[in-house]
Every structure is written in structure tokens, then in C-alpha cells.
Amino acid sequence: ILLGTGLFLTIRTRIVQLRRFGDSCRVAFVRRGSGAGALTPFQAFMTSLAASIGTGNIAGVATAIVSGGPGALFWIWAYGFVATSIKFAEAVLGVTYRETRGDTVLTGPMYYLRDGLRSRRLAWLFAFVAAVAALTTTPFTQPNSMALVLDTAVGIPRPLSGVVIAVLTWLVIIGGIKSIGRAAEKLSPLKVGLYLAGGLIVILFNAAKIPEVLAMIFERAFSMQAAAGGGLGILV
């Protein structure tokens, strides 16, 4: 469903991820606000990256390869390309159907389901599922992964890591969207830089094997096992 939706939106928007890539780069790195929103374009971009890049980007790929073999990477690449159009559509709908109450901006799928599709039932259903997911997925998996690494690498007890992470998170979110934007503006570039540097180091140390790896990926991509593995990696 996700791959099909991404493909449909890619065609419907006339490959917006390539056609408007230059424009998106020019706008994303503007550090001064226009006065129309609580965040600057750069802060909004970094906040989005903070939510998109996490342990799932590492664990998801590992899960895909283990379950589907090297060919699963092809499906992750394919989905990554078409999913950009889904992100674009979500952003456009979010801006179109947002509500502004003073300095507070309310937006999200529940608002464009309610006001765009005129379906209060779907809006309530999405809000309920999102609330359950917010309480039972990321708050469990991400801090657990962080605490596990800190315990394994430097011997910090997991309960202590959990308390510190909770306090730091509270200090950021208690200040509202502007506080979150300021934190993301400072931390996300560091995270992205470390992520890219780590990946580049691994690639450079194994540069001689790149042709062989690429051949394995494309040779084994078109099988049910590879497609299923790629789907599992996307979901993780």
C-alpha cells in the first residue's frame, strides 16, 4: 500500500521530488522566519529530519537484509524515492488544512481528514491510533535502543539512561513548538553529519566490494523473499 501510494503520488505530482528538488533545497536552509509561522524554514526542516532519522534507519535495513537478503535493499531504495512524494503531499495538506490559534498551530492528518475529506470519523480514528502509537512505540523503542548502547559501550545503567533521556526530553517539549525547533536546529545537523560520516567510513573501508555488493542487490531483488524483506525493513 505504501509503495503503491508513493508511486501514484510521484506520477500525480509529476515526479516532484526531482522536479522541485532545487527549490526545496533553497527554501529549506533559510534560517530566518517569514513571520507566517512559529518556525523558520530551517527549523521546520531539521524538526522533520529529527523525526525521520532514527534507530529504525539502521535497525530497519539490518532487519530487511537478514530476512530478505541483499535484494531487499533495492525495495528500500525504491520506496525511499517514491515516499518523498508522500512526504510532500502530507506537508501540502498539513499547511492547507491547519488551524492557527494565537501562537499555536494545529495541523496533521486528523485535520485534513476532517476538513478535506469531511470525515470526522476517520479523523477521530487516526487521532486515536496515533495517540496509542505515540504512547507505545517510539517512547519505548528509541530510548531502549539508546540505553542499550550506552550500557554496552560505556557501562551506564539502563534505568539511569532512561531517567536522563526523559528529563532532557521534557525540558525541550515543555517549551512548545519553538523550543522543539531550536533544539532540532542545533542537534539534527550533528546527528545527520555523524550518520553520513559513519556510513561513508564503512563504505570507504569496503570500497573494493562495492561492485560485488551492487551486483548481488540487483540480481536478488526480484524475488518474493527480497520484496517481503524490504517491506519489513520499511515498516521497522
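Small disclaimer: the values here were computed from a predicted structure and weren't measured.

Thresholds, definitions, all that
Residues numbered from 1 in each chain as written. Predicted model: local features only at pLDDT ≥ 70, side-chain atom pairs only at ≥ 80, totals over all residues. Heavy atoms only, no water. Phe/Tyr/Trp six-rings, centres within 6.5 Å; stacked < 30°, edge-to-face > 60°. Helix = DSSP H or I, 4+ residues; strand = E, 2+ residues; numbered from the N terminus. 1 Å grid on protein atoms, 1.4 Å probe; cavity = no way out; pocket = protein on both sides within 12 Å on 5 of 7 lines; lining within 4 Å. Points joined across faces, edges and corners; volume = space filled by probe spheres on them. Nonpolar A, V, L, I, M, F, W, Y, C, P; charged D, E, K, R; others polar. Patch = residues over 30% accessible without salt bridge, like charges linked within 9 Å, V, L, I, M, F, W, Y side chains within 5 Å. Areas by Shrake-Rupley, 256 points an atom, 1.4 Å probe, with all protein chains shown as cover. Salt bridge = Lys/Arg side-chain N within 4 Å of Asp/Glu carboxyl O. Buried < 20%, exposed > 50% of the residue type's maximum accessible area, 1.4 Å probe, protein only. Expected span 1.5 Å × (residues − 1). Bend = angle between axes of the 7 residues up to and from the residue. Contact = heavy atoms within 4.5 Å. Axes fitted to C-alpha atoms, helices over the stretch in contact; angles between N-to-C directions. Parallel < 35°, antiparallel > 145°, perpendicular 65-115°, else oblique. Left-handed = near helix turned anticlockwise from the far one by under 90°.

*Asks:* Looking at this structure, I do not really get the packing of aromatic side chains. What am I missing?
*Replies:* In this description, an aromatic ring pair is defined by two values, namely the gap between the centres and the angle between the planes. Enumeration over the complete set of coordinates arrives at five aromatic pairs. Taking the centre distance of 5.2 Å and the plane angle of 85° together, the rings of Phe74 and Trp75 count as edge-to-face. Ring geometry for Phe74 and Phe222: centres 5.2 Å apart, planes at 55°, overall tilted. Here Phe74, found in helix 6 (residues 72-96), pairs with Phe222, found in the loop between helix 12 (210-219) and helix 13 (224-235); they are 148 residues apart in sequence, far enough to count as distant.

*Asks:* What am I meant to see in the layout of surface pockets here?
*Replies:* If you add up the space inside the second largest pocket, you get close to 210 Å³. If you trace the second largest pocket, you find it lined by Ile1, Leu2, Leu3, Gly4, Trp75, Tyr79, Ala227, Gly230, Gly231, Ile234 and Leu235. Among the elements of the structure, helix 1 (2-12), helix 6 and helix 13 are those that each provide at least two residues to the lining of the second largest pocket. Considering every element that reaches the lining of the second largest pocket, the biggest residue donor is helix 13, with five residues. Its residues placed into classes, the lining of the second largest pocket shows eight nonpolar, three polar and no charged.

*Asks:* When you look at a nonpolar patch on the surface in this model, what are you seeing that I'm missing?
*Replies:* There is a patch of nonpolar side chains on the surface, built from Leu150, Val154, Ile156, Leu160, Val163, Val164, Val167, Leu168, Trp170, Leu171 and Ile174 and spanning about 1,000 Å² of accessible area. Of all the secondary structure elements, the ones that give two or more residues to the nonpolar patch are helix 9 (138-154) and helix 10 (158-173). Tallying contributions element by element places helix 10 first for the nonpolar patch, with seven residues. Examined against the element boundaries, Leu171 turns out to sit in helix 10. Given the relative accessible area of 47%, Leu171 is considered partly exposed.

*Asks:* Just checking my understanding: could you explain unusual backbone geometry for this structure?
*Replies:* At Arg14, a position not held by glycine, the phi torsion is positive, near 55°. The residue Arg14 is located in the loop between helix 1 and helix 2 (16-19) in this model. If you check the backbone angles, Arg118 has positive phi at about 60° while not being a glycine. Assignment of secondary structure puts Arg118 in the loop between helix 7 (109-115) and helix 8 (120-136).

*Asks:* Looking at this model, I keep getting lost on helix 6. Mind explaining?
*Replies:* Side chains of residues three or four places apart in an α-helix project in the same direction, reflecting 3.6 residues per turn. Between its terminal C-alpha atoms helix 6 stretches 36 Å, which fits the 36 Å expected from 25 residues at 1.5 Å a residue. By the largest-angle criterion, Val82 marks the main kink of helix 6, which is about 30°. Looking only at helix 6, the buried set comprises Ala72, Leu73, Phe74, Ile76, Tyr79, Val82, Ala83, Ser85, Ile86, Ala89 and Gly94. Against the buried residues of helix 6 lie helix 1, helix 2, helix 5 (56-68), helix 7, helix 12 and helix 13.

*Asks:* Help me out: how do you make sense of the packing of helix 4 (residues 41-52) against helix 11 (residues 176-205) in this one?
*Replies:* To characterise two packed helices, one gives the angle between the axes of the helices and the distance between these axes. Axis separation between helix 4 and helix 11 bottoms out at 8 Å; the angle between their running directions is 60°. It follows that helix 4 is oblique to helix 11 by the angle criterion. Classified by chirality, the crossing of helix 11 by helix 4 is left-handed. Residues Phe42, Gln43, Met46, Thr47, Leu49 and Ala50 of helix 4 form the contact with helix 11, whose participating residues are Ile180, Gly181, Arg182, Ala184, Glu185, Ser188, Pro189, Lys191 and Val192. Looking at the contact of helix 4 with helix 11 residue by residue, the class counts come to eight nonpolar, four polar and three charged.

*Asks:* Before we go on, may I ask you to explain the pattern of salt bridges in this structure?
*Replies:* When the charged atoms of two side chains lie near each other, side chains of opposite charge can form a pair. On inspection of all chains with the given rule, the structure shows five salt bridges. Close ionic contact of Asp23 with Arg20 constitutes a salt bridge, the shortest N to O distance being 2.6 Å. Taking the shortest distance from any N to any O, the salt bridge between Asp115 and Arg114 comes out at 2.9 Å. Overall, Arg114 belongs to the partly exposed group, its relative accessible area being 24%.

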